[in-house]
Amino acid sequence: MDKGIETIGIVGAGQMGAGIAHVSALAGYSVTLYDITEAQLQEGLKRLGASLDRKVASQKITEAERAAAFARVVTTSDPAGLAGVDLVIEAATEDETVKRKIYRDICPHLSPDTILATNTSSISITRLAAATDRPERFMGIHFMNPVPVMMLVELVRGIATGDTTFEAARAFVASLEKTITVSEDFPAFIVNRILLPMINEAIYVLYEGVGSVESIDTAMKLGANHPMGPLQLADFIGLDTCLSIMQVLHDGLADSKYRPCPLLVKYVEAGWLGRKTGRGFYDYRGETPVPTR
């Protein structure tokens, strides 16, 4: 473990935050999980417990390792609870206004040496850094979902990110036994710059009636050897997240090829956001998922 970073603060106890807590605690780091309500924190601990249980069930870790990892995680709903940690990773919703407010709330409580990172999947690191009191100690550490399973982490420097910050982040990610890819600070970085337009195109194919949900997903699974069809994957990511990334690409690169499909917009407006709401391109409320189109 990198001795420079020993304690981790995580902002947001959702799916990503709980996943980052999981891999950090298993790697031996002390973790403080911060969210604004006690209910969200309890939900986050439940997610963490369930994902550690899956590791035990698949015999990747022992019951003792699970207990030790879980014991390394403490929770707080007070930003002052993050005081003194070496690295804070913000894993809040993919909304720039929300992220900026978080930095305003937490920065006054952090030690001047604390590195602040964002798990954003698409928003400009340089712009987010400028909303903090430490642009040279700010960068993107973008984990893939689900964090305990996915091997890749994208590291993204903003224009002001210092070398020591970057090297500390690199050492931290390496200690989690993840593979690092370094991306320049352009909208959606590498993975989502390629993945989301593909998903958006699959939604256009559905929208234009070229194929049904089932035929599109089957075609890409068996025809391109993808483990999951693009519409199934969109439901897993969350259609609201897919839409916000497409909007970042469209706004940031000003190219019509990134225009979000109107059908994606419609699903989000309906509140059909995928697995997390029970309906998206599939309906998850029964025994097995059923296509909604």
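Our structure is the block above this text.
Residues numbered from 1 in each chain as written. Predicted model: local features only at pLDDT ≥ 70, side-chain atom pairs only at ≥ 80, totals over all residues. Heavy atoms only, no water.

Focus: the packing of helix α8 (residues 213–223) against helix α9 (residues 230–237)
Rules: Angles shown run from 0 to 180 degrees and are taken between the N-to-C directions of axes, each axis being a line fitted to C-alpha atoms and, for helices, limited to the stretch in contact. In this text, helices come from DSSP runs of H or I with a minimum length of four residues, and strands from runs of E with a minimum of two, each type numbered from the N-terminal end. An angle counts as roughly parallel when it lies under 35 degrees, as roughly antiparallel when it exceeds 145, as roughly perpendicular when it falls between 65 and 115, and as oblique in every other case. Throughout, a contact is declared for two residues whenever any of their heavy atoms are within 4.5 Å. Note on residue classes: Ala, Val, Leu, Ile, Met, Phe, Trp, Tyr, Cys and Pro are nonpolar, Asp, Glu, Lys and Arg are charged, and everything else, Gly too, is polar.
Packing of α8 against α9 leaves a shortest axis separation of 7 Å and a crossing angle of 100°. In terms of their interaxial angle, α8 and α9 are classed as roughly perpendicular. Taking contact as the criterion, the partners of V213, I216, D217, M220 and K221 in α8 are, on α9, P230, L231 and Q232. When the residues that make up the contact of α8 with α9 are grouped by side-chain class, the tally is 5 nonpolar, 1 polar and 2 charged.

A short note on the pairing of strand β7 (residues 152–157)
In plain terms, the rule: At least two DSSP bridges between two strands are needed for those strands to be called paired.
With 5 bridges joining them, strand β6 (residues 138–143) and β7 adopt antiparallel strand pairing. Bridging from a neighbouring strand, I141 pairs with L155 of β7. The pairing of β7 with strand β8 (residues 179–183) spans 5 bridges and is classified as parallel. When the sheet's bridge partners are listed, L155 is paired in β8 with V182.

A few points about the environment of I159
Within the secondary structure, I159 sits in the loop between β7 and α6 (163–175). With 25 residues separating them along the chain, I159 and E184 place their C-alpha atoms 9.5 Å apart.

Some details on the pattern of salt bridges
Let me state the cut-off plainly: When a carboxyl oxygen of Asp or Glu is within 4 Å of a side-chain nitrogen of Lys or Arg, the pair counts as a salt bridge. Partly exposed describes any residue whose relative accessible area lies between the buried limit of under 20% and the exposed limit of over 50%, with all areas from a 1.4 Å probe on protein chains only and scaled to the type maximum.
Applying the stated rule across the entire model yields 12 salt bridges. One salt bridge in this structure joins E43 and K46, with 3.7 Å as the shortest N-O distance. Pair noted here: E43 and K46 are both in helix α2 (residues 38–57), with a separation of 3 residues, about one helical turn. Since its relative accessible area comes to 35%, E43 is described here as partly exposed. We note a salt bridge from D133 to R134, for which the minimum N-O separation is 2.8 Å. For D133, a relative accessible area of 46% puts it in the partly exposed group. The buried category is assigned to R134, whose relative accessible area is 3%. One salt-bridge network, in which partners are shared between bridges, spans E90, E94 and K99.

Description of the nonpolar core
In a soluble, globular protein the nonpolar side chains are often hidden away together inside. As a reminder, the rule being used: Buried residues of nine kinds, namely Ala, Val, Leu, Ile, Met, Phe, Trp, Tyr and Cys, make up a nonpolar core once their side-chain atoms join them within 4.5 Å.
By size, the foremost hydrophobic cluster in this structure holds 36 residues, and its most contacted members are I8, L87, I141, F143 and F172. Beyond its immediate chain neighbours, meaning those up to four positions away, I141 contacts L87, A117, T118, N119, V153, E154, L155, A169 and V173. Within the second largest apolar cluster, 26 residues are counted, among which are I199, M246, L249 and Y258.

With respect to unusual backbone geometry
Of note, the bond from N145 into P146 is cis; its omega dihedral lies within 30 degrees of zero at 0°. Tracing the backbone through its elements, the reader meets P146 in the loop between β6 and β7. The phi dihedral of N225 falls on the positive side, at around 60°, and the residue is not glycine. Mapping N225 onto the fold places it in the loop between α8 and α9. In this structure N225 comes out as exposed when scored by relative accessible area, which is 68%.

Distances and angles like these do not, on their own, reveal function.
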